[in-house]
Amino acid sequence: MIRIYSLKMDRELNEGERQQALDILTPERKAKALRFRRFGDQSKGIGTGLLEAYALQQMGVDVHSCQMKHGEQGKPYIEEHPDVFYNLSHSGHWIVCAVGTQNLGIDIEQESKYKEGVVIRCFPEEEGKILMEEEPEKRPGVFAAYWTMKESFMKFSGLGFSLPLKAFLTDLQTGRITLTPRADIGIRESLNRQGITEQKLPFCRRVPLEQGYACSLCIMGEEAWQLTTVTPAELISSLRQNG
């Protein structure tokens, strides 16, 4: 079972919550959150650290006793727990974290981020055609769905934005990933090293969250997933109790 935890940070933490949360975070997460100047951005950074710690806690992982590392393109992993996989994403007021025992990628995006120029420059012609045939008012939602599916696969692959958006197609109905001729031999070799081949490609699952947002999970096979929404208070209470 893939577990997805979502946290809505639509307000700043109050002083009590803020101090309790900062006491819980790892030094690295604390420093990263406090680099932001605005309290609202700091609260989101703190929330990200809390959600990460909580999601991993559910897998029996204590973030304070592990080496939290990142691959060349920023994908997080835990050196002491190679059998635990997780991924984070945030957009607008929402932060999401997926965790499980198989490779995965997750992404969330606001529909308001839609820009036609991005579609023209970055998307394969086939996807751009489908999107531009939609009614204008529907295009932001379709764009966000495409974007999150594509970025969740880029995260799954570990290649991030070194994997061109035009190198693969995503099917909105089935979630199927298909490589295009833009995926040259170098890209295919990089994917092969991650266990991704033309015959063995992951699927994207669209995760319903809130109107105005799209969220997608990329995994190999048909493993079930479950979405749980938590609050800052719940995260702080659980992490303090079990920390």
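In this report, the structure presented in the accompanying data block is examined. It should be emphasised that the depicted structure is a prediction, and the values quoted were computed from it without experimental measurement. (Residues numbered from 1 in each chain as written. Predicted model: local features only at pLDDT ≥ 70, side-chain atom pairs only at ≥ 80, totals over all residues. Heavy atoms only, no water.)

## Looking at the pattern of salt bridges
Note on pairing: side chains with opposite charge can pair once their charged atoms come close. Scanning the model with the defined rule gives 10 salt bridges in all. In this structure, Arg-38 engages Asp-41 in a salt bridge whose closest nitrogen and oxygen atoms are separated by 3.4 Å. Residue classification places Arg-38 among the exposed positions, given a relative accessible area of 57%. The salt bridge partner of Lys-150 is Glu-127, with a shortest N-O separation of 3.0 Å. (Salt bridge = Lys/Arg side-chain N within 4 Å of Asp/Glu carboxyl O. Buried < 20%, exposed > 50% of the residue type's maximum accessible area, 1.4 Å probe, protein only.)

## Remarks on the sheet that holds strand β10 (residues 213-219)
Read from one edge to the other, the open sheet built from three strands follows the order β6-β10-β9, with strand pairing classed as antiparallel. Across the chains shown, the open sheet's two edge strands, defined by having one partner strand only, are β6 (104-110) and β9 (203-206). Within this sheet the neighbouring strands show an average axis-to-axis angle of 20°, counted without direction. Both β6 and β10 contribute to a ladder of seven bridges, which runs antiparallel. Paired with Gln-110 across the two strands is Tyr-213, which belongs to β10. (Pairing = 2+ DSSP bridges. Helix = DSSP H or I, 4+ residues; strand = E, 2+ residues; numbered from the N terminus. Axes fitted to C-alpha atoms, helices over the stretch in contact; angles between N-to-C directions.)

## Some points on the packing of aromatic side chains
Following the criterion strictly, the structure yields eight aromatic pairs and no others. Here the aromatic rings of Trp-147 and Phe-161 are separated by 6.2 Å at their centres, their planes lie at 40°, and the arrangement is tilted. Note that Trp-147 is positioned in helix α6 (residues 139-157) and Phe-161 in the loop between α6 and β7 (168-170), a separation of 14 residues in sequence. Plain terms: the ring middles of Phe-153 and Phe-168 are 4.9 Å apart, the flat faces sit at 70° to each other, and that makes the pair edge-to-face. Taken together, the residues span a long stretch of sequence, with Phe-153 in helix α6 and Phe-168 in strand β7 at a distance of 15 residues. With a relative accessible area of 0%, Phe-153 lands in the buried category. (Phe/Tyr/Trp six-rings, centres within 6.5 Å; stacked < 30°, edge-to-face > 60°.)

## Observations regarding the pairing of β9
In the sheet, β9 pairs with β10 via four bridges, with the strands oriented antiparallel. Paired with Arg-206 across the two strands is Ser-216, which belongs to β10. Count of turn residues in the β9/β10 antiparallel hairpin: six residues, of which Gly-212 carries a positive phi of about 95°.

## Quick notes on helix α8 (residues 232-242)
Side chains three or four residues apart in an α-helix point the same way, a direct result of the helix having 3.6 residues per turn. Where α8 is concerned, the buried positions are Pro-232, Leu-235, Ile-236, Ser-238 and Leu-239. In this structure, the buried residues of α8 make contact with β1 (2-8), α1 (15-24), α3 (39-57) and β11 (225-230). (Contact = heavy atoms within 4.5 Å.)

## Points about the nonpolar core
Ranked by internal contacts, the top residues of the largest apolar core, which has 30 residues, are Ile-46, Leu-50, Leu-51 and Leu-56. When residues of this core are traced back to their parent elements, those giving at least two are β1, α1, α3, β4 (85-91), β5 (94-100) and α8. The leading source of residues in this core is α3, at seven residues. Filtering out sequence-adjacent residues up to four positions away, Leu-50 remains in contact with Ala-21, Ile-24, Leu-25, Leu-235, Ile-236 and Leu-239. (Core = buried A, V, L, I, M, F, W, Y, C linked by side-chain atoms within 4.5 Å.)

## Let's talk about the sheet that holds β5
Here we have four strands laid out as an open sheet, ordered β4-β5-β1-β11, and mixed in their pairing. Both edges of this open sheet fall to β4 and β11, since each of them pairs with a single strand only. Each neighbouring strand pair of the sheet contributes to a mean axis angle of 15°, computed without reference to strand direction. In the sheet, β1 pairs with β11 via six bridges, with the strands oriented parallel. Pairing of Ser-6 across the sheet is with Thr-229, part of β11. In the packing of α8 onto the sheet, contacts are made with β1 and β11, and the angle to β11 comes to roughly 100°.

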